[in-house]
Amino acid sequence: MVGLRFANISKKAGKRQILKNVSLEVPDKELFVVAGPPGAGKTTLLKIIAGLVVPDEGEVYIGDQIVNTVPPSDRDVGMVFEVPPIYPNRTGFQNIAFPLEIKRLRKDQVKERVGEVAELLQISHLLDRKPATYSGGELQRVALARVLVRKPRVLLLDEPLKNLDAKIRETTRVELKRLQREFGITMIFSTHDELEATAVGDRIAVMKEGAIEQIGSPKELYSSPKTVFVARFIGSPTMNLTACALKRTGDRWVLDALDFKIDVKTGAHEIESEAMTQELLLGVRPEDILLLDSGDERGCFEGQVELTQNFGDERVVTVRVGKTSLNCLTGKDRVFPYGQKVYVKFKEENAHIFRKETGIAVA
Amino acid sequence: MPKLVVKNLRKLFGAFEAVKDVSFQVEEEETLCLLGPSGCGKTTTLRIIAGLEVPTSGEVFVDGKLVNDVPPQDRQIGLVFQDYAIFPHLSVFENIAFGLRVRKIPEAQMKTRVKDTASLIGVDGILDVLGKKLGLSDMQRVAIGRSIVLNPKLLLLDEPLSNIDAKAREMMRAELGKLQKEIGIATVYVTHDQLEAMTLADRIAVMRAGLIEQMGTTSEIYDRARTLFVAKFIGSPTMNLIDCELVYNGKRAILKSEDLALDVTEFAETIGGITKGKELLLGVRPEDVSIDVRKTDSSAIQAEVQLVEPIGAKSIYHLKMSRLAVLAKDHAMPDIDVGSKVWATFNKDKLHLFDKQTEEAIL
C-alpha cells in the first residue's frame, strides 16, 4: 500500500477547464474523500489517478513514481464506478474471479482469494447466485469484491453510494469505512453528499468548479471553513449567511446585519484594519442560535416562526427577524407553531466572518 | 368536511395486489404524506386519487363528492409530477396560464388569476422568463403555481424532490414547506424519503405491501412506532434493536440480554402481561444513547468505540459492549475516538419494546 500525490494537475475538455491546478497529497492508508456538487471535477480527478484520463499539465505520483505515462493496467489502482459493470449472466463467484482469470491465476488460488474477499464483505451467500437476485447494496459489494480481489495498492470509489436507498446507504457507508481500516488500504472516495463525506473521510477535499477550495479533517471543515462555499457545503442544515458591516460602538466591536447585531468576541483587532472598509458576510450555524421565549436577555432579537421542520430527534425552526430568515436548530421537545413570536440569541464565539466580494474567511 | 376521503381502496394489476385495503382522509390545510419503500403501493394510491388509475374496488371523495367516475381533469385536483413538467419554450406566465387557456377562461380573468397566483408563489418578478431558463427552485414554484391557478380542492405531489442532490433538496424542502403554509391547500405528498416526510407532513401514513402500517402525526410516528417496520423505517441512523427477555428479580422487572440488564420496573404496568421467556426486542434510537468518558449514571454500560462518523456538531459513535453493537448519536467530543472506552446510558423515557414474533410494539 502506498500514498499518492497530485502536483499542479490541470485538465481541459474542449474549452472547458475541468481541473484547475489541483495539488493534493494522500498518505498511505488514508481514507480521502473528494467532495463537491455535480460538475466539480470529482470523477475526472479519480480517472486521472486510475490512468483513464491523461492530464494536460502536472504530475501524478503513486508512491514515489510518476505515473503519467503508465497505462491503467500497470498502475495497481482499482476503481469502482457509480454504476458497477457486473455481468448479469455470471454468478457472484464468476464475477469476482474474472480479473484473476485474466491474470491466469491457478484455479485453487482463485478459489481461495475469492473466498477470502467474499467472507470479508459478507457476501459468501451470493457466490452461487446471479446478479438479478441481489439487492442494491449486495450488487455494490460484489463490484467492490471484484476490485479488491486484485489487491490494488490504491482503491478509488466514484460515488459508490449514489444509487442506493437511504437506509442501505447508511449501513454501506459504515462497511466501506470498516473495510478500509481492516485492509489498511489507501482509499479515495468521491461524493456530492457532505454528510457522507464527513462521516466517512479521514480528510476531505472540497471541490468547486475544478479547483480545490479547502482540504481538511471533518472537524476543521466544520469549525473553520476557509471560504463561503465550504461553509455552505459542510453542515446540515446549512449555515445562515447574512450581509453585515463591522462597526465600532464605544470600545466594543459589533457586526451589524441591519436586522440584528452581534458582538465580536475575539480577533476584532485582526479584522479591523482590513475589514472596516469591506462588505462582509456573517455566518452562523443553525446549532449556534438559541431560541428564547422572552426577550429579557441582552443581545437577543425578536422574530416570528416561519416554518418548523421535524427531524425526529431535532427540529429546524425558521425564524424571520426583520427581513432575514434564520434557520435555528433546537431540541425535539419544544414546539414552535407557525407565526409564534420568539427571540433568537447567537453564540457569538462561533460566528464566522467572510469577505463578501471574495468569499474568503476573515482571520 | 375533509377535503379528501379514501375508502377501502384496492387495486389489482393482474394477480398482483398493489393496494390491498387503504383508507384515510385529509382535512383542509393539512398535508398528509404517504411514505414507504418502493412497491408499497403509495404511488398507485396517488394515481387512483388523481384518476390516472381505476381502483378494483373502493371509493374516492373530493370535497365531499364521489369522484370514481369523474375524469382526471374534472376532479379539481392539482397534480405536480416528479420532473415538474415545465414547458421549456413557454414563459413563466404562459406556463401558469396554460390550464386556464385550455379551459377557455376569458383573457382579463385569466390574467388576473395568473398574476394573483404568481405573487402568492413568489414568481411575479420573473413572469417573462422562459421555462428552460429557470432554476430548480423557480421550476418547483411554477409547477405548483400551474396547479393551484385552477383553484383545486386538493394538491397531489409525487416525489417532487427525489432527483435533486442533497444540498439543493434541503433548500427546496424548506421552500416547499413555506409555500404549503402560504397556500394552505390540502395536500397529499408521496415519498420514500423518511426525512422529507417528517419535515413536510402534518401527518404520515407509513405504507407497506399495499397497506397502511401506521398513520399519525410526525411525532407519533417517530416517538411511538407501533410496529418494528415503522420503527426501522423512520429515523436515521436506524434505531438500535436488541434481543432481550423480561425477567424478575424480586419485585424488580429487568430486561435482560447478553450484555444488558435494564431495570424497567417503572413500566411494569404496561409490560406486566409479558409471559416469561417471550422473545423481545428493545428499541433505542441512537440519539437516546448518550456517552461519556466517566460513569455518571449507575445504569451506564461500558463500551468501546469502534468507529466515529462526524456529522457536524454531532457524531455517530459505533459502540461495542462486550458482544452487543450499539449506535449512539451525541455531541462531537474531541477526546473520544476509535478505541476509547466510554460509558453509554440509555434514555429510559424513550425506550421502545417490541414482541419479536408479532413485530408489534409493547411499549
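Values in this document were obtained by computation on a predicted structure and should not be read as measured data.

What counts as what
Residues numbered from 1 in each chain as written. Chains lettered and ligands numbered in written order. Predicted model: local features only at pLDDT ≥ 70, side-chain atom pairs only at ≥ 80, totals over all residues. Helix = DSSP H or I, 4+ residues; strand = E, 2+ residues; numbered from the N terminus. Buried ≥ 20, exposed ≤ 12 C-beta atoms within 10 Å, placed from the backbone. Pairing = 2+ DSSP bridges. Axes fitted to C-alpha atoms, helices over the stretch in contact; angles between N-to-C directions. Domains from an automatic or database assignment. Contact = placed C-beta atoms within 7 Å. Nonpolar A, V, L, I, M, F, W, Y, C, P; charged D, E, K, R; others polar. pLDDT = per-residue confidence, 0-100. Core = buried A, V, L, I, M, F, W, Y, C linked by C-beta atoms within 7 Å.

Asker: Even after reading the chapter, I still don't get the overall build of chain A, so can you show me in this structure?
Answerer: Across its full length, chain A holds nine helices and 20 strands. In terms of overall dimensions, chain A has C-alpha extents of about 80 × 45 × 35 Å along its principal axes. The buried share of chain A, taken over its 363 residues, is 42%.

Asker: Hey, could you run me through the pairing of strand 2 (residues 16–26) of chain A in this one?
Answerer: Within a regular beta strand, the side chains point alternately toward one face of the sheet and then the other, so they alternate between its two faces. Residue and element names in this part refer to chain A. Of the strand pairs in this sheet, strand 1 (residues 4–13) and strand 2 are connected by seven bridges, and their pairing is antiparallel. Bridging from a neighbouring strand, lysine 11 pairs with leucine 19 of strand 2. Taken together, strand 1 and the strand that follows it, strand 2, pair antiparallel across an intervening segment of two residues, in which glycine 14 is found at a positive phi of about 65°.

Asker: Please explain the sheet that holds strand 8 (residues 186–191) of chain A as it appears in this structure.
Answerer: Neighbouring strands of a sheet are bound in pairs by backbone hydrogen bonds; such pairs are parallel or else antiparallel. Residue and element names in this part refer to chain A. Taken in spatial order, the six strands of this open sheet run 6-7-8-3-9-10, and their pairing is mixed. Bordering the open sheet on either side are strand 6 (77–80) and strand 10 (211–216), each of which pairs with just one other strand. Between one strand axis and the next, the sheet turns by 20° as a mean value, whatever way the strands run. Across four bridges, strand 3 (residues 31–35) lies against strand 9 (residues 203–208) in parallel orientation.

Asker: Looking at this structure, how should I read unusual backbone geometry?
Answerer: In this model, A:Ser236 is joined to A:Pro237 through a cis peptide bond whose omega is 0°. In this fold, A:Pro237 is placed in the loop between helix 8 (228–233) and strand 11 (240–249). Backbone torsion omega between B:Ser236 and B:Pro237 reads -5°, so that peptide bond is classified as cis. Despite not being glycine, A:Asn21 has its phi angle at roughly 50°, a positive value. Topologically, A:Asn21 is positioned in strand 2. For A:Asn21, a count of 15 C-beta atoms within 10 Å translates into the label partly exposed. Located in the positive-phi region is A:Leu258, a residue other than glycine, with phi close to 65°. By the element assignment, A:Leu258 lies in the loop between strand 12 (252–256) and strand 13 (261–263). The exposure class of A:Leu258 is partly exposed, given the 13 C-beta atoms found within 10 Å.

Asker: Would you mind showing me how to read the domain arrangement of chain B here?
Answerer: Interface size is often expressed as the accessible area that is lost when the parts come together. What the domain assignment lists for chain B is domain 1 (4–233) and domain 2 (240–355). Domain 1 of chain B and domain 2 of chain B are separated by 40 Å when their C-alpha centres are compared.

Asker: I would appreciate a short explanation of helix 1 (residues 42–50) of chain A in the present structure.
Answerer: The α-helix advances 3.6 residues per turn, and as a result positions three or four apart in sequence lie on the same side. All of the buried residues in helix 1 of chain A are A:Lys42, A:Thr43, A:Leu45, A:Leu46, A:Ile48 and A:Ile49. At the C-terminal side of helix 1 of chain A, A:Gly51 shows a positive phi close to 90°.

Asker: Sorry, what's going on with helix 2 (residues 92–102) of chain B here?
Answerer: Residue and element names in this part refer to chain B. All of the buried residues in helix 2 are Val92, Asn95, Ile96, Ala97 and Leu100. Those residues of helix 2 hidden inside the fold are in contact with helix 3 (107–120) and helix 4 (136–148). With its phi angle positive at about 55°, lysine 104 sits one or two positions after the end of helix 2.

Asker: Please explain the interface of chain B and chain A as it appears in this structure.
Answerer: Contacts between chain B and chain A engage 30 residues on the former and 32 residues on the latter. Going through the elements one at a time, helix 5 (166–183), helix 6 (194–200), helix 7 (218–223), strand 16 (301–311) and strand 17 (314–320) of chain B are the ones with two or more residues in the side of chain B that touches chain A. Sort the elements by how many residues they give to the side of chain B that touches chain A and helix 5 of chain B lands first, with seven residues. Of the residues that constitute the side of chain B that touches chain A, the class distribution is twelve nonpolar, nine polar and nine charged.

Asker: I would appreciate a short explanation of the sheet that holds strand 5 (residues 65–66) of chain A in the present structure.
Answerer: Residue and element names in this part refer to chain A. Pairing is antiparallel across the open sheet formed by four strands, whose spatial order is 2-1-4-5. Both outer strands of the open sheet, strand 2 and strand 5, are each paired with one neighbouring strand and no more. With five bridges connecting them, strand 1 and strand 4 (residues 57–62) associate as antiparallel partners. From the neighbouring strand, arginine 5 faces strand 4, where its bridge partner is tyrosine 61.

Asker: When you look at the pairing of strand 8 of chain A in this model, what are you seeing that I'm missing?
Answerer: All names here are of chain A. Of all six residues making up strand 8, six are buried, and the element is well covered by its neighbours. Residues Thr186, Ile188 and Ser190 point to one face of strand 8 and Met187, Phe189 and Thr191 to the other, with burial holding for every one of them. Examined bridge by bridge, strand 3 and strand 8 share five bridges and lie parallel to one another. Residue pairing for strand 8: leucine 31 is matched across the bridge by methionine 187. As defined by bridge partners, strand 7 (residues 154–158) adjoins strand 8 across five bridges and the pair is classed as parallel.

Asker: Please clarify how the confidence of the model for chain B should be interpreted in this entry.
Answerer: Low pLDDT means the predicted coordinates in that region are not meant to be read closely. With 100% of its residues at a pLDDT of 70 or more, chain B shows a mean pLDDT of 92. Overall fold confidence for the complex sits at a pTM of 0.88, while the interface term, ipTM, reaches 0.86.

Asker: Teacher, can you tell me more about the nonpolar core here?
Answerer: Note that soluble globular proteins tend to have their nonpolar side chains buried in a common cluster. Counting 185 residues, the largest nonpolar core has A:Ala145, A:Ile188, A:Val344, B:Leu156 and B:Val188 as the members making the most contacts within it. Per-element tally for this core: the top contributor is helix 4 (residues 136–148) of chain A, with seven residues. Each of two domains, domain 1 (4–233) and domain 2 (240–355) of chain B, supplies a minimum of three residues to this core. Sequence-distant contacts of A:Ile188, defined by excluding residues within four places in its chain, comprise A:Val26, A:Phe32, A:Val34, A:Leu46, A:Ile49, A:Val154 and A:Leu156.

Asker: I tried to follow the environment of B:Gln25 on my own but got confused; where do I start?
Answerer: Residues and elements named next belong to chain B. Along the chain, glutamine 25 falls in strand 2 (residues 16–26). Considered as a pair, glutamine 25 and proline 2 are 23 residues apart in the sequence and their alpha carbons are 6.5 Å apart. When sequence neighbours within four positions are dropped, the list of residues in contact with glutamine 25 reads Pro2, Leu4, Val5 and Val6.

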